[in-house]
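Topology and contacts: notes
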Amino acid sequence: MEKFFYELKLIYNKYKLLDSMKSDFNIFSQLLNPYDEVNLHSKFIYSILNDCKFKKEFMLNFLKTTGVISAEDVGPDDLKIIDVEKEKSFSNGRMDLFFSCIVKDKKYAIIIENKIFAGDQYEQMDRYIKFADEYSADVKKVFYLTLMGHAPSEDSASNLDRVNLISYNNEILNWIENCIKISAREPALREVLIQYADLLEKITGKDVDYTMDVTNFLLESPENFNMANSIQPAIIDAKTDLQMRFWKKLEESLDEMFRNFPGLNYRKPDRDEDLGPVNPWYSETIIKNFYYRAKKTSYYGIIYSLGQFKDIGELFLKFEYDRNWYLYYGLRLGIKNINTESKSYELLKNKLISKDYKFSDWWFGWKSVKANEKDINFTDMDPDLVYILMDYDRLDDLIEKITKEVENFIHIIVD
């Protein structure tokens, strides 16, 4: 076992050194938000599929990489592009990306819903599935694209079997790597694709070369693979402990913060109080089940009642973690009925909009929680996040920053 970890650490240190020597310049992150699914990622994918020279090769490779086409004997000359659109409008909404083509006399229709930060709309994927069902094509696929391949909410997709999950971490990154090979003799295009691949590696926490080296090491012998496999339960226990450390400190800090609002009739519900099926408190059991992918552990966190607000009703502040959207906070809807028709509701909504809070069927104003300008991803445990969680001073600084943001949020509500 000692030799196993020694050799694994050598690989890790090799790529850590190589990483430190790389330039951190990236044209995409310099000009745009790296997580902007609309203005960066959807537009870039659209532009690739419209490239004047390689669009057939790129589109065909996308179909192969995502498993739509499995035949190896299909080439670019067998493909005819019919349509490529971004933000395609239809009677029940707007699709992020849509394209159709004919391959060997078979018509394909592809819908891509691109989700990095934006929340699901009610029955959104169901509407896309209905559009696909009514569209004339031999093969119709509805893709749900996220950073790590997460599923849409059940409110968005009533039949998850009809939704094809793809990720930037896997399919898109592999596709871009293939596009780099296809465009190898076009330096300008190739370098742009390389920069985009580097960006995807950064926002998904993946290093393709490092992953390949580790994979090869694990496949060198049954002993290497079995030792790696045997530590998975310990990794889950470690992730659970680190996450519990965060939640406990956050809860303590929020309890202290509420003392700054003596006039606020707030309360902290009991952990066993029935607030609906999607509002459980964090716990060691729930978090561990989350890592083991138990179905009923999609949402959990901390919740406070802020009391009754005139002409609106009882408002609830919640911190919630979800494997699809990571950590966020806001006013949770669906716990108690509130009056969304009142003037007070509209005034508060406008105040929150002016501070860049978002809205959905389940949230009356919400924001993602970040550490070092990145989403807090407990699922895959971003390396930067691990350093914070294991350093009590850095963790205290993060908790203080989050608490101050929430305090300002409550001032918006009560002032």
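Above this note sits the structure.
Notes on the structure in this doc start here. (Residues numbered from 1 in each chain as written. Predicted model: local features only at pLDDT ≥ 70, side-chain atom pairs only at ≥ 80, totals over all residues. Heavy atoms only, no water.)

1. A short note on the pattern of salt bridges
Throughout the structure, instances matching the rule amount to 21 salt bridges. The salt bridge partner of Glu 87 is Arg 94, with a shortest N-O separation of 3.6 Å. The partner of Asp 382 in a salt bridge is Lys 374, and the shortest N-O contact between them spans 3.1 Å. Taken as a pair, Asp 382 and Lys 374 share a single burial class, namely buried. Three or more residues joined by partner-sharing salt bridges are found here, namely Glu 251, Asp 255, Lys 268 and Arg 271. (Salt bridge = Lys/Arg side-chain N within 4 Å of Asp/Glu carboxyl O. Buried < 20%, exposed > 50% of the residue type's maximum accessible area, 1.4 Å probe, protein only.)

2. What about a negative patch on the surface?
On the surface, Asp 391, Asp 393, Asp 397 and Glu 400 cluster together to form a negatively charged patch. Examined against the element boundaries, Asp 397 turns out to sit in helix α14 (residues 392–414). For Asp 397, a relative accessible area of 51% translates into the label exposed. (Patch = residues over 30% accessible without salt bridge, like charges linked within 9 Å, V, L, I, M, F, W, Y side chains within 5 Å. Areas by Shrake-Rupley, 256 points an atom, 1.4 Å probe, with all protein chains shown as cover. Lys, Arg positive; Asp, Glu negative; His and termini not counted. Charge placed at Lys NZ, Arg CZ, Asp CG, Glu CD. Helix = DSSP H or I, 4+ residues; strand = E, 2+ residues; numbered from the N terminus.)

3. Let's talk about the side chain of Glu 251
Locating Glu 251 in the fold gives a position in helix α10 (residues 232–257). Under the relative-accessibility criterion, Glu 251 is labelled buried at 8%. Residue contacts for Glu 251: discarding those within four places in its chain leaves Lys 268, Arg 271, Trp 281, Tyr 282, Ile 302 and Tyr 304. (Contact = heavy atoms within 4.5 Å.)

4. What to know about unusual backbone geometry
Located in the positive-phi region is Asp 105, a residue other than glycine, with phi close to 70°. Classification of Asp 105 by relative accessible area gives exposed; the value is 77%. Phi angles above zero are rare outside glycine, and Asp 356 is one such case at about 70°. As for its placement among the helices and strands, Asp 356 is situated in the loop between α12 (343–354) and β9 (358–359). Asp 356 sits in the exposed class, given a relative accessible area of 57%.

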